[in-house]
Amino acid sequence: MERNLICLGIEGTAEKLGAGIVSSSGKILANVVKYHSLVGGIHPREAAQHHAENMKATLEQALQNASIGLGDIDIVAFSQGPGLGPCLRVAAVSARTISLAKKIPIIGVNHCIAHIEIGRLLTKAKDPLTLYVSGGNTQVTAYTEGRYRVFGETLDIAIGNCIDQFAREMKLGSPGGAIVEKLARSGSYFELPYVVKGMDLSFSGLLTAAIEAAKKQKIEDVCYSLQETAFSMLVEVTERALAHAEKKEVMLAGGVAVNRRLQEMIALMAREHNAKFLVPPKNVLGDNGAMIAWLGILMYDSGVRHKIEDTMVKQRFRTDEVEVKWR
Ligand code: AMP
Ligand code: MG
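What comes next concerns the included structure. (Residues numbered from 1 in each chain as written. Chains lettered and ligands numbered in written order. Predicted model: local features only at pLDDT ≥ 70, side-chain atom pairs only at ≥ 80, totals over all residues. Heavy atoms only, no water.)

In this section: the overall build of the chain. Looking only at helices and strands, one finds 9 helices and 12 strands in the chain. The C-alpha radius of gyration computed for the chain amounts to 19 Å, which stays within 12% of the reference 20 Å derived for 327 residues, consistent with globular compactness. Overall, the C-alpha framework of the chain stretches about 60 × 40 × 30 Å when taken along its three principal axes. Of all 327 residues assigned to the chain, the portion counted as buried reaches 56%. In the chain, the proportion of contacts linking residues at least 24 apart, taken out of those at least 6 apart, comes to 75%. Accessible surface for the chain amounts to roughly 14300 Å². Of this, 50% is attributable to carbon and sulfur atoms. Seen as two clouds, the 38 positive and the 35 negative side-chain charges of the chain have centres 4 Å apart. (Helix = DSSP H or I, 4+ residues; strand = E, 2+ residues; numbered from the N terminus. Rg over C-alpha atoms; globule rule 2.2 N^0.38 Å. Buried < 20%, exposed > 50% of the residue type's maximum accessible area, 1.4 Å probe, protein only. Contact = heavy atoms within 4.5 Å. Areas by Shrake-Rupley, 256 points an atom, 1.4 Å probe, with all protein chains shown as cover. Lys, Arg positive; Asp, Glu negative; His and termini not counted. Charge placed at Lys NZ, Arg CZ, Asp CG, Glu CD.)

As structure tokens, then:
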């Protein structure tokens with residue numbers, strides 16, 4: 001590694017816009033996140049408009065928090081995918097503009113891998129099996145032979161989306177995840193559809209059944225049963241992947257990983273397998289720019305170079321597409 005490089009990371013895959021600044025020694029100098037309110041769900045073009053309107057202020061805030069100027073940035077990284085096309089393009093265009101204007105390298109990074117790498121940095125996990133659960137993604141991944149392999153994933157909607165949609169239908173308010181978690185604390189269990197197919201999961205039937213059940217059952221009971229069912233499905237797939245991948249660490253990532261009940265259930269499973277359980281700090285669990293900056297540094301340091309032509313956004317960018325040269 002040469003001198004301490006500074007990378008600016010721009011996140012904009014969905015409703016959150018993030019600007020993070022990280023040095024190659026792994027120090028997070030700034031991590032600013034701005035939310036587009038989720039009334040009625042994410043509308044891709046409206047979220048993109050929010051990102052475009054807030055980009056300048058968000059970048060300026062990050063630079064100010066880091067007490068540096070744009071001229072001090074050595075590398076600019078951005079979320080290349082997966083995500084919503086219009087949102088991804090706002091982040092990509094901003095990164096390209098900075099790269100061209102300041103004549104600094106640009107790196108397009110995979111958003112899912114960024115969640116894993118910031119988690120490894122901050123928890124000191126060496127080689128974890130990761131359960132990444134967020135508004136747009138649900139994946140169990142582990143590193144083997146040069147790539148992050150996907151051991152299991154959702155076949156339809158993400159777990160965070162399932163909970164958010166339920167909360168919206170019930171008019172519980174936003175953010176759905178935290179409200180459902182709170183209501184679930186005083187609920188009791190009844191059966192809801194549990195759908196695991198091989199190593200993959202499906203949450204759309206569970207969502208429909210929970211909405212239907214709420215016509216008769218107490219909201220607390222539906223919230224509890226929804227969480228217990230969905231999280232048990234996640235535990236089952238994570239547990240099988242752990243045995244198969246033979247890892248000694250289980251790490252959580254993504255906004256849903258904030259949930260105490262999920263943490264408790266995964267921790268219990270990990271303990272039964274003598275695996276260490278790790279959760280990164282809350283401020284990097286949800287989408288953020290620091291994780292993008294850190295992966296940008298790892299990729300740059302391992303020799304990855306992107307030309308502007310390589311920076312087209314990839315809405316369906318898969319975790320296992322990326323050749324991992326930094327491990
Ligand atoms: P992300 O897409 O990684 O930024 O995470 C956002 C998702 O995390 C949304 O679907 C939120 O509802 C969800 N979330 C946030 N807090 C909680 C919580 N306490 N329990 C469950 N889900 C949560
Ligand atoms: Mg995410």
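Now that the structure has been shown, we can carry on.
Moving on to the pairing of strand β6 (residues 129–133). Counting buried residues along β6, 5 of its 5 residues qualify, which places the element largely inside the surrounding structure. Going residue by residue along β6, you find Leu-129, Leu-131 and Val-133 tucked away on one face and Thr-130 and Tyr-132 tucked away on the opposite face as well. Looking at chain direction, β6 and strand β11 (residues 249–253) are connected through 4 bridges and run parallel. Bridged to Thr-130 within β11 is Met-251. Two elements, β6 and strand β7 (residues 138–144), share 4 bridges in a ladder whose sense is antiparallel. Residue pairing in the sheet places Tyr-132 in a bridge with Gln-139 of β7. What sits between β6 and β7 in their antiparallel hairpin is a turn of 4 residues. (Pairing = 2+ DSSP bridges.)

Moving on to the site of ligand 1. Lining the immediate surroundings of ligand 1 are 14 residues, of which Lys-16, Asp-164, Glu-181, Gly-255 and Asn-259 lie closest. Contact between ligand 1 and Asp-164: an oxygen atom at 2.5 Å from a side-chain N or O atom of the residue. Take Gly-255: an N or O atom from its main chain is 2.9 Å from an oxygen atom of ligand 1. Contact with the protein chains covers 90% of the free accessible surface of ligand 1, which is 510 Å². Elements represented by at least two residues in the shell around ligand 1 include exactly α4 (159–169) and α5 (176–184). Take the shell around ligand 1: its biggest share by element is 3 residues, from α5. (Near = heavy atom within 4 Å. Polar contact = N/O pair within 3.5 Å; in protein donor to acceptor, adjacent residues only side chain to side chain.)

Attention now goes to the sheet that holds strand β5 (residues 106–110). With mixed pairing, 5 strands are arranged side by side in an open sheet as β3-β2-β1-β4-β5. The two strands at the open ends of the sheet, each matched to only one other strand, are β3 (28–35) and β5. If you compare each strand with its neighbour and ignore which way they point, the axes differ by 20° on average. With 4 bridges joining them, strand β1 (residues 6–11) and strand β4 (residues 75–81) adopt parallel strand pairing. Residue pairing for β4: Cys-7 is matched across the bridge by Ile-75. Sitting on the sheet, helix α1 (residues 44–66) touches β1, β2 (16–23) and β3, and the angle it makes with β3 is about 155°. (Axes fitted to C-alpha atoms, helices over the stretch in contact; angles between N-to-C directions.)

Consecutive side chains along a regular strand alternate between the two faces of the sheet. Taking burial as the measure, the 7 residues of β4 include 7 buried ones, the bulk of the element. Direction of pairing for β4 relative to β5: parallel, over a ladder of 5 bridges. Residue pairing in the sheet places Val-76 in a bridge with Ile-106 of β5. Handedness of the β4-helix α2 (residues 85–102)-β5 crossover: right-handed. (Right-handed = clockwise from strand over helix to strand, strands pointing away.)

Okay, the side chain of Gln-80 next. Looking at where Gln-80 falls in the secondary structure, it is placed in strand β4. A polar side-chain atom of Gln-80 sits 2.8 Å from the main-chain carbonyl oxygen of Asp-310. Not counting the four nearest positions on each side in its chain, Gln-80 is found in contact with Leu-88, Gly-108, Val-109, His-306, Asp-310, Thr-311, Met-312, Val-313, Lys-314 and Phe-317.

Let us now look at a positive patch on the surface. On the surface, Lys-182, Arg-185, Arg-260 and Lys-282 cluster together to form a positively charged patch. On the secondary structure map, Arg-260 appears in helix α8 (residues 260–272). (Patch = residues over 30% accessible without salt bridge, like charges linked within 9 Å, V, L, I, M, F, W, Y side chains within 5 Å. Salt bridge = Lys/Arg side-chain N within 4 Å of Asp/Glu carboxyl O.)

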